[in-house]
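Below, each chain spelled out in residue letters.
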Amino acid sequence: MPQRKLMEFINDGRSPALVCDGRKWITDFGAYFPVNGKWLDSRRTDKNSFQEHVGEDRLGRYQAYETDYHIEPTPIIRFTIKVYHDLSAVVTEAETLTDLHGLHSKDSFSDSTFNAPTFHIADDLNFLLYTFGLDRAGDDYPGGYWPEAIYGRSSKEIPLNKPFVPLILFHGTEKGDIRTADRPRVLIVAPFNFYITSPLRRFADGSIGRGLHGSVDKLLRGTVTKTIFFFGDGLAATICAFGDLLLAFSGKERPVTNDHILLERLGHWNAYGGYYAEIFHGLDEEKLHELAAYFRMEKIPVSYFGLDLWYNFDHIGLARSYSPQRRKYPRGLKSVSDETKLPYVLHLSALDKEHQYGSDGDFSQIYRRIAAQLTEEGGITAWHDWLRTQQHLTAKLRCDPQAAEEWFSEIAQAFSSESLSMLLCMETMGMNLASTQQPNIIAVRSFTDYLFGQAGQLADLADRNLDGFSRESTAKREFIKQNLLVGMFCWGLGLYPFYDLFITNRHHPEGFAEPQAAEEALLRALSTGPVGIGDKIGEVDKEIVNRLVFPDGILAKADHPPFVVPSTIFGDLLVTYTESRSANLSTIYLLICNVGEKDQEYIVDIDMICDDDRLIYDYFAETMVDRVCGSLPPAGIAYYILPPRVGGVALLGFIDKYVTLPAARIRDIRELLTGGMTATFHVPPLHRYAIAACGGRDLQITAERAIIREVMTKEGYQRIVVEPTQEDFTLVITEGCR
């Protein structure tokens with residue numbers, strides 16, 4: 001029998017539809033926009049017939065269905081649906097057949113124009129979408145908001161006139177089959193070009209449109225807007241496959257952690273939420289030297305400074321020039337970097353109207369000069385904050401789709417020419433999609449400033465008549481939910497999510513105490529993105545830091561950020577998981593978060609995460625358990641490690657790290673014919689490490705190229721303290737006699 005095609009387009013003369021796995025998911029393809037006061041509204045006209053043909057392009061072979069839409073008697077756009085059976089993808093193209101004028105709706109993303117295609121979605125589909133990040137031009141400075149995940153069980157719950165990108169549709173899982181909980185059928189709908197100005201929106205009749213910003217007033221003949229419908233199996237798997245397609249299409253490779261200090265090592269940041277933030281205590285040359293000396297003396301492996309607001313500005317968020325402030329850095333930044341041996345991740349903002357880079361609007365020239373300045377000052381990464389504000393303040397970046405794409409590309413390429421990586425911040429989801437075309441954009445802030453979840457810091461600001469910050473106060477559970485959900489999608493696009501800096505100290509003085517320091521650190525460790533701390537000199541909790549970092553300064557990381565189990569999205573208990581794969585071993589890290597307002601009991605069947613034999617280690621209770629269950633307060637976190645058995649033995653790994661078996665630290669795992677395993681590790685020698693393992697009986701452990709200093713029997717496992725004499729050492733772990 002021929003294999004059933006996962007995606008098909010059908011046109012029965014009544015309702016053109018996209019069929020996924022034998023069911024209609026998308027119906028009523030059409031278009032909706034004004035041209036010189038006349039509306040092209042395909043919903044009010046007879047359905048056009050589609051001409052069929054086959055072809056091939058950069059994505060591969062496709063079956064095409066093509067029709068023209070008219071404002072009588074003039075053909076306005078040619079609408080083509082290309083079905084790529086080998087990719088389980090469909091791309092729609094709306095090509096202008098004449099110069100179009102009078103498209104303008106409003107200066108707003110939520111009042112989009114040139115909506116092509118428009119479509120309806122099936123009533124029985126769940127959705128997960130991400131708000132765009134910008135809306136109306138009249139919004140108060142700085143404009144826009146942090147993109148957030150919104151989800152629901154029916155298209156009727158999709159917000160009206162709220163721009164978003166992308167739209168992710170999926171079927172509910174079968175209640176009787178727990179093993180399918182993470183494998184629903186999934187369809188992702190997103191723009192496939194003009195990312196910076198292309199929102200999706202829901203109309204009053206329930207249809208969805210992919211349009212352009214409402215201030216776009218004209219399009220030249222031959223302009224083509226593209227939209228992709230990508231079908232897959234499993235929420236996280238489909239997101240990652242979708243990102244792989246976009247990356248492959250542009251030729252960008254996924255960033256690798258060990259290629260970038262920003263991703264590989266710990267930083268100290270003075271952004272909002274940190275002790276040395278500009279609104280609190282600030283930084284200068286002297287303080288940078290004091291911080292560096294403190295890190296050296298206490299052997300705290302900080303490898304760079306994330307430096308906020310180091311340049312000249314009159315208003316926060318608007319830079320006049322990217323030269324170091326003379327009163328703070330009279331010798332510039334580079335001399336301090338040379339002396340401390342710590343480079344910088346350097347903050348950027350939108351440009352002030354009175355900036356010092358000329359007024360010709362040539363962003364390519366402006367950013368080449370800025371990039372050269374960052375390099376001269378010892379920068380290794382351009383931390384471009386206030387990106388959406390720049391678009392909010394620049395009409396051309398909203399009304400001209402091509403100019404907007406070129407602006408974003410020119411920024412990235414300017415920094416790339418100076419070998420500077422980029423961290424996006426205060427970005428839109430359109431910018432995140434566009435980053436798939438820029439190899440040096442490697443990371444992104446996934447939610448709002450850490451400051452706005454810190455009651456002590458906000459109270460201090462209010463006491464100084466800066467109570468406007470308190471209006472941005474955000475519940476901790478919202479930080480957890482949005483960082484996880486937004487971070488998961490951004491990872492799919494090849495961006496490492498940055499959950500922002502955090503305070504390591506539960507007892508930090510001056511209103512900076514972080515009661516959930518361990519949980520905050522754990523979230524950063526699992527994020528796989530940049531990890532930054534913001535404590536005062538003398539107040540870093542070194543135990544927290546040591547759980548994050550190995551003695552050589554390399555962060556202990558999983559392979560990807562936590563992926564959300566789809567069946568838990570709609571409840572107050574968000575179940576997520578990540579893993580590390582090394583040699584032939586896969587260790588799963590299970591994270592359960594209470595994102596509700598009340599205490600919650602939880603019971604999690606690990607069969608919905610894995611289908612093999614796993615042991616369960618409760619990380620915070622430091623004990624082996626038979627099942628995953630317990631109780632969590634609001635914003636509470638439970639964390640379990642699920643190791644597989646190899647030769648009857650389960651290796652938990654470096655038990656004093658949050659990520660206990662990072663792939664980079666495992667050279668080889670082998671099962672012994674007589675039972676047990678050998679495990680070869682790669683670490684800095686002449687330090688002591690605690691490694692845990694468990695089996696059905698007491699374990700026998702021997703070491704090669706390492707000295708075993710201690711073996712302790714704990715709650716269901718054994719803790720082995722070893723001191724390697726070489727970088728690569730081996731433990732032989734077998735079960736003892738009964």
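Given the structure is predicted, the values throughout are model-derived calculations rather than measurements.

Engineer: Account for the overall build of the protein, naming residues and giving values.
Structural biologist: The number of helices and strands found in the protein is 13 helices and 46 strands. For 738 residues, the compact-globule estimate of 2.2 N^0.38 gives 27 Å, and the C-alpha radius of gyration of the protein, at 27 Å, lies within 12% of that figure. With respect to the principal axes defined by its C-alpha atoms, the protein has extents near 85 × 75 × 45 Å. Counting every position in the protein, which comprises 738 residues, the buried fraction comes to 62%. Put simply, of all contacts in the protein between residues at least 6 apart along the chain, 70% involve residues at least 24 apart. Carbon and sulfur atoms provide 45% of the accessible area of the protein, an area that totals close to 28000 Å². Counting 75 positive and 99 negative side-chain charges, the protein places the averaged centre of each group 1 Å from the other.

Engineer: Before we move on, can you summarise the packing of helix α1 (residues 235-250) against helix α11 (residues 476-492) with the specific residues and values?
Structural biologist: Interhelical geometry of α1 versus α11 gives an angle of 40° and a closest axis separation of 7 Å. It follows that α1 is oblique to α11 by the angle criterion. Two secondary-structure elements touch here, α1 through Leu235, Ile239, Cys240, Phe242, Gly243 and Asp244 and α11 through Met488, Phe489, Trp491 and Gly492. Residue classes in the contact of α1 with α11 are distributed as seven nonpolar, two polar and one charged.

Engineer: Which residues make up the packing of aromatic side chains, and what values go with them?
Structural biologist: Tallied over the entire structure, the rule returns 55 aromatic pairs. Seen from their ring centres, Phe363 and Trp407 are 6.4 Å apart, and the 65° between their planes marks the pair as edge-to-face. One end of the pair, Phe363, is in helix α5 (residues 363-376); the other, Trp407, is in helix α8 (residues 401-417), and 44 residues separate them in sequence. Grouping residues by exposure puts Phe363 and Trp407 together as buried. Ring-pair connections join several aromatic residues into one group, and the members of that group are Phe9, Phe29, Phe50, Tyr65, Tyr69, Phe79, Phe119 and Phe229. Geometry around Trp491 places Arg254 over its ring, the cationic atom sitting 5.6 Å from the centre.

Engineer: A description of helix α10 (residues 455-463) should follow, citing residues and the corresponding values.
Structural biologist: Every buried residue of α10 is accounted for by Gln457, Leu458 and Leu461. Taken end-on, α10 shows its buried residues confined to a sector of 95°, consistent with a single buried face. More than 90 degrees from the buried face of α10, the exposed residues found are Ala455 and Asp463. Of the residues flanking the end of α10, it is Asn465, one or two places downstream, whose phi is positive at about 60°.

Engineer: Report on the pattern of salt bridges, specifying residues and quantitative values.
Structural biologist: Inspection of the entire model under this criterion finds 38 salt bridges. The salt bridge involving Arg445 is made with Asp500; its shortest N-O contact spans 3.7 Å. With a gap of 55 residues between them, Arg445 in strand β27 (residues 441-445) and Asp500 in the loop between β28 (496-498) and α12 (517-527) connect regions that are remote in the sequence. A single burial state applies to Arg445 and to Asp500, both of which are buried. Residues participating in the shared-partner salt-bridge network are Lys476, Glu514, Glu520 and Arg524.

Engineer: Outline the packing of α5 against α8, supporting the account with residue identities and numerical values.
Structural biologist: Running from amino to carboxyl end, α5 crosses α8 at an angle of 30°, the nearest separation of the two axes being 8 Å. The pairing of α5 with α8 is recorded here as roughly parallel in orientation. In this structure, the crossing between α5 and α8 has a hand that is right-handed. Contacts from Phe363, Ser364, Tyr367, Arg368, Ile370, Ala371 and Leu374 of α5 reach α8 at Trp407, Glu410, Ile411, Ala414 and Phe415.

Engineer: Go over the nonpolar core, please, and point to the residues and values.
Structural biologist: Core analysis: the largest hydrophobic core is formed by 257 residues, its most contacted members being Phe415, Ile592 and Leu651. Once residues within four sequence positions are removed from consideration, Ile592 is found in contact with Leu573, Leu574, Val575, Tyr602, Val604, Val628, Leu632, Gly636, Ile637, Ala638 and Tyr640.

Engineer: Report on the sheet that holds strand β41 (residues 677-682), specifying residues and quantitative values.
Structural biologist: If you walk across this open sheet you meet the four strands as β40-β41-β46-β43, and the pairing is antiparallel. Edge positions in the open sheet fall to β40 (666-671) and β43 (699-704), since each of these has one partner strand only. In this sheet, adjacent strand axes meet at a mean angle of 15° when their direction is disregarded. Note: β43 against strand β46 (residues 728-735), six bridges, orientation antiparallel. Residue pairing across strands places Ala703 opposite Leu731, the latter belonging to β46.

Engineer: Explain the sheet that holds strand β23 (residues 344-348) to me, and be specific about the residues and the numbers.
Structural biologist: Reading across the sheet, the eight strands line up as β28-β27-β26-β25-β23-β20-β19-β29 and stay open at both edges, with parallel pairing between neighbours. Looking at which strands have only one partner, the edges of the open sheet turn out to be β28 and β29 (531-533). Adjacent strand axes in the sheet meet at a mean angle of 30°, parallel and antiparallel pairs treated alike. On the sheet, α5 packs against β23 and β25 (379-384) and is oriented at approximately 135° with respect to β25.

Engineer: Can you explain helix α3 (residues 285-298)? Please cite residues and give values.
Structural biologist: The terminal C-alpha atoms of α3 lie 20 Å apart, and with 14 residues this matches the ideal 20 Å at 1.5 Å per residue to within 8%. Among the residues of α3, those classed as buried are Glu285, Leu288, Leu291, Ala292, Tyr294 and Phe295. Residues of α3 that are buried make contact with β19 (266-269), β20 (302-307), α4 (334-340) and β23. Residue Asp284 occupies the N-cap position of α3, its side-chain oxygen lying 3.3 Å from the main-chain nitrogen of Glu286. Once α3 ends, the next one or two residues include Lys299, with phi positive near 55°.

Engineer: Give a description of the pairing of strand β32 (residues 585-594) that names residues and reports values.
Structural biologist: Burial of β32 is extensive: 10 of the 10 residues sit out of reach of the surface. As defined by bridge partners, strand β31 (residues 573-582) adjoins β32 across 10 bridges and the pair is classed as antiparallel. Following the sheet pairing, Tyr577 is matched in β32 by Leu590. Once β31 ends, the chain turns through two residues before running back antiparallel as β32, passing Ala583 with a positive phi of about 55°. As paired strands, β32 and strand β37 (residues 637-642) are joined by six bridges and run antiparallel to one another. Bridge pairing in β37 places Ile588 opposite Leu642.

Engineer: Give a detailed account of the environment of Phe231, specifying residues and quantitative values.
Structural biologist: Within the element layout of this structure, Phe231 appears in strand β18 (residues 224-233). The exposure class of Phe231 is buried, given its relative accessible area of 3%. Sequence separation of Phe231 and Phe242 is 11 residues, and the distance between their C-alpha atoms is 8.5 Å. Ignoring any residue separated from it by four or fewer positions in sequence, one finds Phe231 in contact with Leu6, Met7, Cys20, Asp21, Trp25, Ser88, Arg185, Val186, Leu187 and Thr238.

Engineer: For the confidence of the model for the protein, give the residues involved together with the corresponding values.
Structural biologist: Summarising the model, the protein shows a mean pLDDT of 94, and 96% of its residues fall at 70 or more. Residue range residues 174-180 is modelled with pLDDT below 50. Its contacts to residues more than four positions away, or to other chains, number eight contacts.

Engineer: Account for the side chain of Thr238, naming residues and giving values.
Structural biologist: The residue Thr238 is located in helix α1 in this model. For Thr238, the contacting residues outside a window of four places in its chain are Val186, Ile188, Phe230, Phe231, Gly232 and Asp233.

Engineer: Could you give an account of unusual backbone geometry, with specific residues and numbers?
Structural biologist: For the peptide bond that leads from Glu72 to Pro73, omega is 0°, which places it in the cis range. With respect to the element layout, Pro73 can be found in the loop between β6 (60-71) and β7 (74-84). The phi torsion at Asp28 lies on the positive side, around 60°, for a residue other than glycine. The phi dihedral of Asn36 is positive, around 50°, even though this residue is not glycine. One can find Asn36 in the loop between β3 (23-35) and β4 (38-41).

Thresholds applied
Residues numbered from 1 in each chain as written. Predicted model: local features only at pLDDT ≥ 70, side-chain atom pairs only at ≥ 80, totals over all residues. Heavy atoms only, no water. Helix = DSSP H or I, 4+ residues; strand = E, 2+ residues; numbered from the N terminus. Rg over C-alpha atoms; globule rule 2.2 N^0.38 Å. Buried < 20%, exposed > 50% of the residue type's maximum accessible area, 1.4 Å probe, protein only. Contact = heavy atoms within 4.5 Å. Areas by Shrake-Rupley, 256 points an atom, 1.4 Å probe, with all protein chains shown as cover. Lys, Arg positive; Asp, Glu negative; His and termini not counted. Charge placed at Lys NZ, Arg CZ, Asp CG, Glu CD. Axes fitted to C-alpha atoms, helices over the stretch in contact; angles between N-to-C directions. Parallel < 35°, antiparallel > 145°, perpendicular 65-115°, else oblique. Nonpolar A, V, L, I, M, F, W, Y, C, P; charged D, E, K, R; others polar. Phe/Tyr/Trp six-rings, centres within 6.5 Å; stacked < 30°, edge-to-face > 60°. Lys NZ or Arg CZ within 6 Å of the ring centre and 35° of its normal. Arc of directions from axis to C-beta. Salt bridge = Lys/Arg side-chain N within 4 Å of Asp/Glu carboxyl O. Left-handed = near helix turned anticlockwise from the far one by under 90°. Core = buried A, V, L, I, M, F, W, Y, C linked by side-chain atoms within 4.5 Å. Pairing = 2+ DSSP bridges. Expected span 1.5 Å × (residues − 1). Polar contact = N/O pair within 3.5 Å; in protein donor to acceptor, adjacent residues only side chain to side chain. pLDDT = per-residue confidence, 0-100.

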